Each structure stands twice: as structure tokens, then as C-alpha cells.
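Inside the fold
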Number of protein chains: 2
Amino acid sequence: MNNPNIVIIGAGYGGIMTAVKLQKSLNVNEANITLVNKHSYHYQTTWLHENAAGTLHHDRTRMQINDLIDTSKINFVQDTVTKVQPDDKKVLLENGELSYDYLVVGLGFEAATFGIQGLKENAFTISSINSARLIRQHIEYNFAKYNNEADKKEERLNLVVGGAGFTGIEFVGELANRVPELCKEYDVPREKVRIINVEAAPTALPGFDPELVEYAMNSLEARGVEFKIGAMIKEVTEDKLIFEKDEKREEISTNTVVWAAGVQGNSLIVDAGFETNRGRIPVRGDLRAPNYDDVFVVGDCALIMNEETERPYPPTAQIAIQQAEHTAENLKKLVQGNNHLESFTPEIQGTVASLGHNDAIGVVFDDKKLFGWSASAMKKLIDNRYLLKLGGIGLVLKKGKLNFFK
Amino acid sequence: MNNPNIVIIGAGYGGIMTAVKLQKSLNVNEANITLVNKHSYHYQTTWLHENAAGTLHHDRTRMQINDLIDTSKINFVQDTVTKVQPDDKKVLLENGELSYDYLVVGLGFEAATFGIQGLKENAFTISSINSARLIRQHIEYNFAKYNNEADKKEERLNLVVGGAGFTGIEFVGELANRVPELCKEYDVPREKVRIINVEAAPTALPGFDPELVEYAMNSLEARGVEFKIGAMIKEVTEDKLIFEKDEKREEISTNTVVWAAGVQGNSLIVDAGFETNRGRIPVRGDLRAPNYDDVFVVGDCALIMNEETERPYPPTAQIAIQQAEHTAENLKKLVQGNNHLESFTPEIQGTVASLGHNDAIGVVFDDKKLFGWSASAMKKLIDNRYLLKLGGIGLVLKKGKLNFFK
Ligand SMILES: Cc1cc2nc3c(=O)[nH]c(=O)nc-3n(C[C@H](O)[C@H](O)[C@H](O)COP(=O)(O)OP(=O)(O)OC[C@H]3O[C@@H](n4cnc5c(N)ncnc54)[C@H](O)[C@@H]3O)c2cc1C
Ligand SMILES: Cc1cc2nc3c(=O)[nH]c(=O)nc-3n(C[C@H](O)[C@H](O)[C@H](O)COP(=O)(O)OP(=O)(O)OC[C@H]3O[C@@H](n4cnc5c(N)ncnc54)[C@H](O)[C@@H]3O)c2cc1C
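To keep things clear, this report deals only with the structure shown in the data block.

Cut-off values and rules
- Residues numbered from 1 in each chain as written.
- Chains lettered and ligands numbered in written order.
- Predicted model: local features only at pLDDT ≥ 70, side-chain atom pairs only at ≥ 80, totals over all residues.
- Heavy atoms only, no water.
- Pairing = 2+ DSSP bridges.
- Helix = DSSP H or I, 4+ residues; strand = E, 2+ residues; numbered from the N terminus.
- Axes fitted to C-alpha atoms, helices over the stretch in contact; angles between N-to-C directions.
- Contact = heavy atoms within 4.5 Å.
- Buried area = accessible area lost by both parts, 1.4 Å probe.
- Salt bridge = Lys/Arg side-chain N within 4 Å of Asp/Glu carboxyl O.
- Least-squares fit on C-alpha atoms with pLDDT ≥ 70 in both.

1. Structural notes on the sheet that holds strand β11 (residues 123-125) of chain B
All names here are of chain B.
- The five strands are arranged β11-β18-β12-β13-β14 in an open sheet whose pairing can be described as parallel. Whereas interior strands pair on both sides, the edge strands pair on one side only; in this sheet they are β11 and β14 (225-229). The mean angle between the axes of side-by-side strands here comes to 25°, regardless of whether they run parallel or antiparallel.
- As paired elements, strand β12 (residues 158-162) and strand β13 (residues 194-199) share five bridges and run parallel to each other. Across the sheet, Asn 158 pairs through a bridge with Arg 194, a residue of β13.
- Where helix α6 (residues 129-147) meets the sheet, it contacts β11, β12 and β18 (256-259), and its direction lies at approximately 135° from that of β11.

Have a look at this one:
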């Protein structure tokens, strides 16, 4: 009769998928499961750049958690975790406190600003529904303001994105589609607006196949994106960004800097006293935290090594989902008295970066390169597959990307 | 062969209607007609409060001037008037200069701020497409921001409207409809948002029938509007408004003050050296400016007296349109060599103030009072009638308010 308490914190890809899988594989009388999340909804982080640009409404990206889980099997607590105390087996919430026998940490990522001056105060990040919606409104407000001021400030129309990695490129792709619409809505001549992508590495999309990188840059430049590659951001102020390139300092006047160049694990895991490496927990093979047999870590809070390259896997939704499924399996074993946990190895099915509607680049099935429409269709398939796993065909029909031609 | 030059400045109700009427009644070889306007479009000022609240898109309110006039008969110059020089019969533009034989001044109104401290710098006004769109975006931005800040600032959600006259009441009516939508879009609890209407006079809608005033206030209060009546605004800062009521000072923390409590004629008419009375030109019976036989004034730049009450008529679109039609008639006479101009008397057909979708109050046919849906339908009929006069049934179908049930 002594049911173990399983507490899952964070309902991102990792947390919600762990909950949904456990709900299917465990009986009600085998464990008490509690899912904690800041908001009443789960959102697809991988779509937030579209909400931020304004090309997709945020209600398409989020879904009520009560619609995804069976609340007769899982308790849902809408609250914010303020501290994890693994030695006491406790999780402190803004309005309460939970004890656990097993904890699943799925608190996701936060921006890493690498101490760049003024970045934290003056740049936006794409990290939640709230922050994405704010970016959309900030840009629109500045377009509206531009036309209503006598002394027109060009910093309102210079949109700067820090980082040409996966997220940065996906975001400028959406902006490139959005800007002509914004110009129409706010009577701003297109040629006054700049979309500038600043990247410190010697190439955009470091790690991607050069042919794909070239395709992406050509596609984006053709739609008016300017790249500053090999350019180190030095400082961000209220109305400008300063970078250094070829040992020269340059300035861009802007009040819209969106930082998409670095993430780290949620800082609550450092505060909790877990061992961390670049803000993430270097989990053991079975995804448990070092020294804590009752703490599993999924998603962006976990650091796992790629044995082949001897480098950490970049954190992705894909891996978070697989880790969640794996953790649900291992938890089922523990609850049912079996202590032989399985070790986790990600199966990278492919990586596809969107460049805006109907355009994308990617690698799938190990080494097949995709461009343009076929890559974009593949991206939509991947997203729909996640929704299918999470909530069945009903959820795909409600929130899926079903129009492959738009 | 010496065709007179007729120059019309401003394409508001007064200016555009003068142009359209002249185009119908004069032959091409009788006069050279030039219409000057700041923007490429004409807008219906009487709908701007809906654009500002976000209940109607601004593209419904404006129409391209080239679609309204026959450009083989009328020259359209998109430019801003910087000075009128009646003694030289000249109009200076930002990018040029025009000479006239007859001038029609239709430059409309601007906000009168009565020297209230900080009002000019910190309050918004509903006076053009640009300014209305900015209010819409400002409010949305603050709702978005509220949810993304740790230390939530209540001034973002306190919407204050200065003035409970015609415009102020119409605007709070739209806000009352809009706020629940905004709360949904930005995940803000409705009870956190305040809509506050501050009026110095001892009643809302001064000059209206008390029964109508009561109906209006009840309808608005039922939808969450708070009234501060007999409250003098003393100062507006970036984040608060200070008023005095019953000899006590009170403060409302807000960064959204929309000033709807006073208008005067375009300040260019004072700069031009015309005789003015509270910023408007006290025109002669035939709508010509004192001392200038070649200058007609229509709309909010003109001051005309109501002989019965011995007070000036409040400036309205209704009067501006009638003055325009009258002026076109008189100009036709002058061009055709007849110097006996007709005197103008407005025919007030009715006054209807909207309180939001489907609700309104008004007086029509001299003394018939209307409430609710019937008043709202009457208001739409009046607006459609204007569009019919301006551009025929095609324009009514394109821009009219055809849905009487919504
Ligand atoms: C714009 C963008 C595009 C991306 N595109 C892709 C892509 O195409 N493919 C891909 O595989 N990956 C992509 N990624 C990466 C991917 O989104 C992340 O790897 C993934 O979201 C990590 O999942 P997670 O479950 O760890 O955390 P998240 O999805 O970030 O979820 C964390 C959850 O925890 C909640 N939470 C956080 N703190 C607290 C707290 N204190 N209390 C309670 N709840 C809390 C949050 O509200 C959230 O619901 C993209 C990332 C971004 C930003
Ligand atoms: C929110 C609101 C609601 C209202 N509701 C009603 C109502 O229901 N019924 C009613 O009868 N009245 C109403 N009024 C009053 C009515 O709108 C005005 O009386 C009317 O607009 C005056 O018309 P106008 O032609 O003088 O000027 P406007 O309509 O103001 O037009 C002036 C034109 O001149 C142009 N212009 C200005 N300066 C320059 C320049 N320097 N160079 C070139 N062009 C310039 C402007 O762009 C504009 O197109 C309302 C007013 C407001 C603000």
C-alpha cells in the first residue's frame, strides 16, 4: 500500500512526455504521480521563434496540460519551483512544498549570456510563450511608433539577432517572411528595415554540412537578411549593439536585439547543489544524476556525451523526448521492484532547420541532405509525429502543421 | 483661357468632399483643382477611436485618395503644408509651393492640452491613423510586457481616458469591448485591468440629455468602466496621472493616458495670421475667412455660431461635410462669374455616440432619443450615407458598416 511518490518538475518536452508515458504504463494504485509546471499549459519550444516573429499565433504552440493528461491518474500542480533539495527529497514551490521518492527534473533551458555587457538587461530571448509574445509586440510597437514620431529613429527598424546557430537561423527565416507584412501593416517602406544576424563563429550554422549552410545563407540573403559572420558581440545598450569583426569595432543602432546564441540548463539545478558541467547535469548512463539514485534528469538540464565524437550532444527536443520515454520505462521498473535500469543512447533521426515558410535545410537518415520544400515538409512531419505521440490524432488535427504547401 | 487655380488643403471630411463635389459640378476647362494631403489616403476621423482600441482595423477606416477622385480632373499632391501665406496667395509645402486663386482650408483639428503639465509629452491623442495605431500597439505591448516581468507593474494595465465628452465616451466604449479580448490574448486576469474615465465637468457627456447620459454611464459601468466625474487632471507623468476632485489630490499609476478632452483648429491657421477664436477661424456667413475673399474654411478649422444658443456649434464631421458641399457650390458660382455667394446654416440631423458594438445613444430628428441597438444601427446608417456620398455604392460595400447585428 506504500505507493511511491513520483514528482516531475517542468512540463516541457521531457516532463510532459514522461508523465504521459507513465500514465499509460502504470496503474493508478502503483504510484502517486505529480506533475509541476509554471503555467497551465505545455508549449512546443521548437515553435517559439515563429510566435516571436509573429508568423504563428502562440495559441497554436501551446496546449492545456489538463487536456493532455488524465487527471484521475496524475496530479497537476500549477506552480513555480523555487528550490530543489535532493538531500531532503523535497521540491519547494512558490506556494507549497512536495516530497518525492523519485524526482524527474525537466526544467529546460535558460539563456547563457557569457557575461556580455548589457546583454541580459537589453536583449530579448526566445524562451517561453511570454517572452516570445513580448518580442512580437515589441517589434510591432516600434513599427507603429516609427510612423508617429517627427524625428524618426532608425534603431526601431534594425532587427538584430545574436547567433546564427540553429535557433538564430530559424528566427531570421521567420523574420524575413514577417517583415514585408509588418511594412504593409505599419506603412513602413521595406528598404528602411534591416534584419541583421551577428555570429561569432567563422561560419553560420557551425556543425552543419557546408553545402546546406550555403543554401541557407543564399535563401536568407535573397530575402534581405544581412550576415555579420566572425563578429563578436561586445556590448548591448538600450539603443545599439557593438561588435568586433576583423579587429574593428562596429556599431548598429537598434533597440531590438534577440539573443539566440547560447543556452544552459535551468539555474535551479546549480542552486540545488547537483554536479554540473556548463550549467547542465552530466547524468549517468541511465539518466540519473551523479550521487542521487532517485533523481532522473531529462531534456536540456541533462548533459550526455556522444561517445563517437567525445563531445556532448547538443540538447534538442528530439533527445528530450527519447529521454522521457526511456525514463518512464526505467521508473516503471523501479516502481515494480526491478532495479536493473537500462542505459540510454539517443537515436538521432535527423536535424532539420526551418528557413521560413516552405523552406528548410536538414540531414535525415544519417546522411541524406534535404533542401527547400522537401526539408520543410519533413520538419512538419517530425512535429506532427510528436503531437501524435503526445495526444493522438486528435491533437495532430488540432495543433499540427497540416498544410504542407504553405 | 485663364482658369482659376483652386487649392484645397487637407483631405479630411471637409477637404475631400469639397474636391469630390467640385469634380462633379465643374468642367475640366473651368478650373485647375489641386488637393493637398499629408498621406496618400483619406481617413474617417470618426472611426479612429475604434482603430485605437483595436476593435476595427485601420485599413477599414482609410481609403486611397486616388480611388476617390478622378485624377484627370483633380491634381493630387501628397505633401505636408508647412505654411499658408494668404497675403501672397501661397501655400508652402515640405517639398514645394503652390499659388492659388481660391483656397479651401480643411486642415482639421489638433489636441488642445490647456497647458496641463506633462500632458503633451506623456499622453496619447486619437488624431490620425498613425496615432491611433500607436495607441493600439502601446496597449498590447504593455499587456505582453506585464506577463514577462518578474516585478509586475500595475501602471501597464490602468487605461486612463481624459475626457468624458463625445470622443472620450466613444473610446471607453470600445475599450470596454476590447479589454476582455486583450486579457485572453495576453493571459492577463480581467480583474487586474482598469478602464478609468476622468472628466472635469460635473457630468459625463455635457450637453447631452440627462436620460441618455445615465443610460451611457450605466452601460459602460456594467462593462467595467470607472468614472471620475468632476475631476480635474493636474499633471501627467510617464507612469502616473494626478487629478483633483472635491479639493483632494489623487493619483492613478498608469502609462496609458489617452487625451480626448479638447480639440482646436490646426495650428497652421494661427501661424498664417488669420483672425482666430480659440484656435479656429470665425468665418463669415459664406464660410470665407475674415478679410480674405479668396479663402474658404471648412470643418474643424472653422468656427460658426449657433444663432439660437449664441454659442459656437461644436465641430463635427456632419457639419464639415455640409460646409464642403456648400463651399463647392459657392466656388462653382465664383468660377462661373457669379459673385452672389450663399450663406451657410448647418442642418443638424442628429447626434449619435457609440458605446461599443451594438450599443449607442443619440438624438435624431430634432428630439427623438435613441438607445442601444437602434441608436447603434442609426450610427452605422449615418456612416454608410457618408460613404455613399463620397464614393457611391461601391465604397459602401467596400468600407461600410453593413453588419447591423454585430
Ligand atoms: C526557437 C527554438 C527552436 C528550436 N528548434 C528545435 C528543433 O527544431 N528541433 C529540436 O530537436 N530542438 C529544437 N530546439 C531545442 C529544444 O526546444 C529544447 O532542446 C527542448 O525544448 C528541451 O526540452 P525540455 O523538456 O528540457 O525543456 P523545455 O521544453 O524548455 O520545457 C521546460 C518546462 O519547464 C517549465 N519550467 C521552467 N522553470 C520552471 C520552474 N521554476 N517551475 C515550474 N516549471 C518550470 C517551463 O515552463 C517549461 O514548460 C529549439 C529551441 C528553440 C529555443
Ligand atoms: C474619435 C473621434 C470620434 C468622432 N466622432 C464623431 C461623430 O460620431 N460624428 C461627428 O459628426 N463627428 C465626430 N468627430 C469629430 C469629427 O471627426 C471632426 O469634426 C472632423 O473630422 C473634422 O473634419 P475636417 O475635415 O475638418 O478634418 P479631419 O477629418 O481631421 O481631416 C484633416 C485632414 O487634413 C490633413 N492634414 C492635417 N495637417 C496637414 C498638413 N499640415 N498638410 C497636409 N495635410 C494635413 C490630415 O491628414 C487629414 O486628412 C469625432 C472625432 C474623433 C477624434
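Here the narrative resumes, following the displayed structure.
2. Some thoughts on the sheet that holds strand β12 (residues 158-162) of chain A
All names here are of chain A.
- Judged by pairing direction, the sheet is parallel, and its five strands sit side by side in the order β11-β18-β12-β13-β14 without closing on themselves. Single-partner strands in this sheet number two, and they are β11 (123-125) and β14 (225-229). Put simply, the sheet's adjacent strands are angled 25° from each other on average, direction ignored.
- Against the sheet, helix α6 (residues 129-147) engages β11, β12 and β18 (256-259), with an angle of about 135° to β11.
- Contacting β12, β13 (194-199), β14 and β18, helix α7 (residues 166-186) crosses the sheet at an angle of about 175° to β13.

3. A few points about the interface of chain A and chain B
- At the interface, 22 residues of chain A touch 22 residues of chain B.
- A buried area of about 1,800 Å², summed over both sides, lies between chain A and chain B, and 44% of it is on carbon and sulfur atoms.
- A per-residue breakdown of the area chain A buries against chain B is headed by Leu134(A), Tyr141(A) and Glu185(A), which together make up 29% of the total.
- Residue Glu185(A) is joined to Arg136(B) by a salt bridge in which the shortest nitrogen-to-oxygen separation is 3.0 Å.
- Going through the elements one at a time, α6 and α7 of chain A are the ones with two or more residues in the side of chain A that touches chain B.

4. Section: the relation of the copies chain A and chain B
- You can overlay chain A on chain B at an RMSD of 0.0 Å; the transform is a turn of 180° with a shift of 0.0 Å along its axis. Taken together, the rotation and translation relating the two chain copies correspond to the operation of a two-fold axis. Taking the C-alpha atom as reference, chain A places Tyr141(A) closest to the rotation axis, 3.3 Å from it.

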